[in-house]
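Examination of the molecular architecture
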Amino acid sequence: GLAYFWCGPETLEGIRRDTLLHHFGDCFFFSVQTLTTIGYGHISPVGFAANILVTLEAFLGVSSLAVITGLFYARFARPTARVLFSDVAVIGKHDGVPSFVFRMANERLNQIVDANVEVHLIRDETTAEGETYRNFYDLKLDRKHSPVFHMSWTVLHEITPDSPFHGLTAKEMKDAEVEILITFAGIDDTIYAPIHARFSYTADEIVWDKRFADILTRAEDGRIHVDLDRMHETAPIADPTANL
């Protein structure tokens, strides 16, 4: 508006010239109309300087609209993972090996491709000098990558002698304020956009000497269905181990 005002009253046809306030007001509102490409038509530029300003402002208005539209789309159209995690994790024998287990399910109607999951154990530890630190340990999984995540995924970490879980009891885990942090990443198969999810279990949310109930059923037509109503159910194991 100031630029049109400085160009002089003769550069805009149709503006009021009786007072400086009216002159500047018409210049300002003409600038708004040009920037937003409204163009009511009762004011028009005259001369080289005014037309250059109109050209630059119109280009700026169209470019700004495109950028703002892209930012809004990227912010609000970002796909969500909608990964359902079991309410609890379990520690029990799996194929004769003590294991930490939790499971996930894909609540989306489409598939998640190139899915990856990482699990970390976080606990308080005290150094020889008496300082307390919150340390992170990566947990080795039986399978951390899946080319397609469509229904459910049972994630398993074997508690071997080199596992951060090895030798820990339920009481020791609570005393150390153990937390299991899970990060999930994949790609939406429909719009090919990355999606992420995160979840965690505290020591109180880890159930010992249990296994998860079956949630997969096969219909008469041969299709496999996932019963998400039983997603969080656990059942006793045949040979529980009280001390891992």
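Everything that follows concerns the structure shown earlier in this document.
These notes cover the structure that comes with them. (Residues numbered from 1 in each chain as written. Predicted model: local features only at pLDDT ≥ 70, side-chain atom pairs only at ≥ 80, totals over all residues. Heavy atoms only, no water.)

**Regarding the nonpolar core**
Core analysis: the largest hydrophobic core is formed by 32 residues, its most contacted members being Phe102, Met104, Val119, Phe165, Met173, Ile180 and Phe184. For this core, the element with the most residues is strand E6 (residues 112–126), which contributes five residues. In terms of nonpolar packing, the next biggest core, distinct from the first, is built from seven residues, Leu12, Cys27, Phe30 and Val54 among them. (Core = buried A, V, L, I, M, F, W, Y, C linked by side-chain atoms within 4.5 Å. Buried < 20%, exposed > 50% of the residue type's maximum accessible area, 1.4 Å probe, protein only. Helix = DSSP H or I, 4+ residues; strand = E, 2+ residues; numbered from the N terminus.)

**Concerning the pairing of strand E4 (residues 89–94)**
Pairing between E4 and strand E12 (residues 206–208): three bridges, direction parallel. The residue of E12 that forms the bridge with Ile91 is Trp208. Note that E4 and strand E5 (residues 97–106) share five bridges and pair antiparallel. Across the sheet, residue Ile91 finds its bridge partner in E5, namely Phe100. (Pairing = 2+ DSSP bridges.)

**Focus: the packing of aromatic side chains**
By the definition in use, this model includes ten aromatic pairs. Measuring from ring centre to ring centre gives 5.8 Å for Phe102 and Tyr201, while their planes differ by 50 degrees; the resulting arrangement is tilted. Of this pair, Phe102 sits in strand E5 while Tyr201 sits in strand E11 (residues 194–202), and the two are 99 residues apart along the sequence. For the pair Phe102 and Tyr201, a shared accessibility class is recorded, and that class is buried. For the ring pair Phe149 and Phe184, a centre distance of 5.6 Å and an interplane angle of 65 degrees mean the geometry is edge-to-face. Linking Phe149 in strand E8 (residues 145–149) with Phe184 in strand E10 (residues 179–188), this pair joins segments that are 35 residues apart in sequence. An aromatic cluster of at least three residues, connected via ring pairs, comprises Phe85, Phe100, Phe102, Phe165, Phe199 and Tyr201. (Phe/Tyr/Trp six-rings, centres within 6.5 Å; stacked < 30°, edge-to-face > 60°.)

**Section: unusual backbone geometry**
Not every positive phi belongs to a glycine, and Asp114 is a case in point at roughly 50 degrees. Mapped onto the elements, Asp114 comes out in strand E6. The backbone of Asp209 shows a phi angle near 55 degrees, a positive value even though the residue is not glycine. Following the sequence through the fold, Asp209 ends up in the loop between E12 and strand E13 (210–212).

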